[in-house]
Amino acid sequence: MFLLVLVTCVTLEQQTMCHEFPRELEYASHDSCQIAAAMERGRYNSRMQRRAWARYSWECRNDGMTASKAVDIS
């Protein structure tokens, strides 16, 4: 099972702080997790444009490990 996790990083005064926001649903395959990540990225698009000071990335994790970064926005 794969868990989708949103990772938000903010850099202020040369210090970067990241927070993880696990999503509630688990996905049976890596591909379905990546599709969910792409859909969520689309919903966050306007927020990402307004908040240039923040980085958003979505990770598909399997058993607590990072399986892949589905989307990484810098």
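Description of the structure in this document. (Residues numbered from 1 in each chain as written. Predicted model: local features only at pLDDT ≥ 70, side-chain atom pairs only at ≥ 80, totals over all residues. Heavy atoms only, no water.)

Re the environment of Thr16
Here comes step 1: By the element assignment, Thr16 lies in strand β2 (residues 15-27).
Here comes step 2: Exposure remark for Thr16: the relative accessible area of 45% places this residue in the partly exposed category.
Here comes step 3: Between the alpha carbons of Thr16 and Ala54 there is a distance of 9.7 Å; along the sequence they are 38 residues apart.
Here comes step 4: Other than its neighbours up to four places away in sequence, Thr16 contacts Cys9, Val10 and Thr11. (Helix = DSSP H or I, 4+ residues; strand = E, 2+ residues; numbered from the N terminus. Buried < 20%, exposed > 50% of the residue type's maximum accessible area, 1.4 Å probe, protein only. Contact = heavy atoms within 4.5 Å.)

Some thoughts on the state of the cysteines
Here comes step 1: Scanning all chains against the criterion turns up 2 disulfides.
Here comes step 2: The partner cysteine of Cys9 in its disulfide is Cys18, sulfur to sulfur 2.0 Å. Looking down the S-S bond of the Cys9 and Cys18 bridge, the torsion is 110°, so its handedness is right-handed.
Here comes step 3: Disulfide partner of Cys33: Cys60, at an S-S distance of 2.2 Å. Between Cys33 and Cys60, the disulfide has an S-S torsion of -105° and is therefore left-handed. Of this pair, Cys33 sits in helix α1 (residues 30-50) while Cys60 sits in strand β3 (residues 54-62), placing them 27 residues apart in sequence.
Here comes step 4: For Cys33, a relative accessible area of 0% gives the class buried.
Here comes step 5: Disulfide partners in the protein chain, listed by the sequence order of the bonded cysteines, are 1-2, 3-4. (Disulfide = S-S within 2.5 Å.)

Re the nonpolar core
Here comes step 1: With 14 residues, the main nonpolar core has Leu4, Tyr27, Cys33, Tyr44, Tyr56 and Trp58 as its most contacted residues.
Here comes step 2: Per element, the largest residue contribution to this core is 5 residues, and it comes from α1. (Core = buried A, V, L, I, M, F, W, Y, C linked by side-chain atoms within 4.5 Å.)

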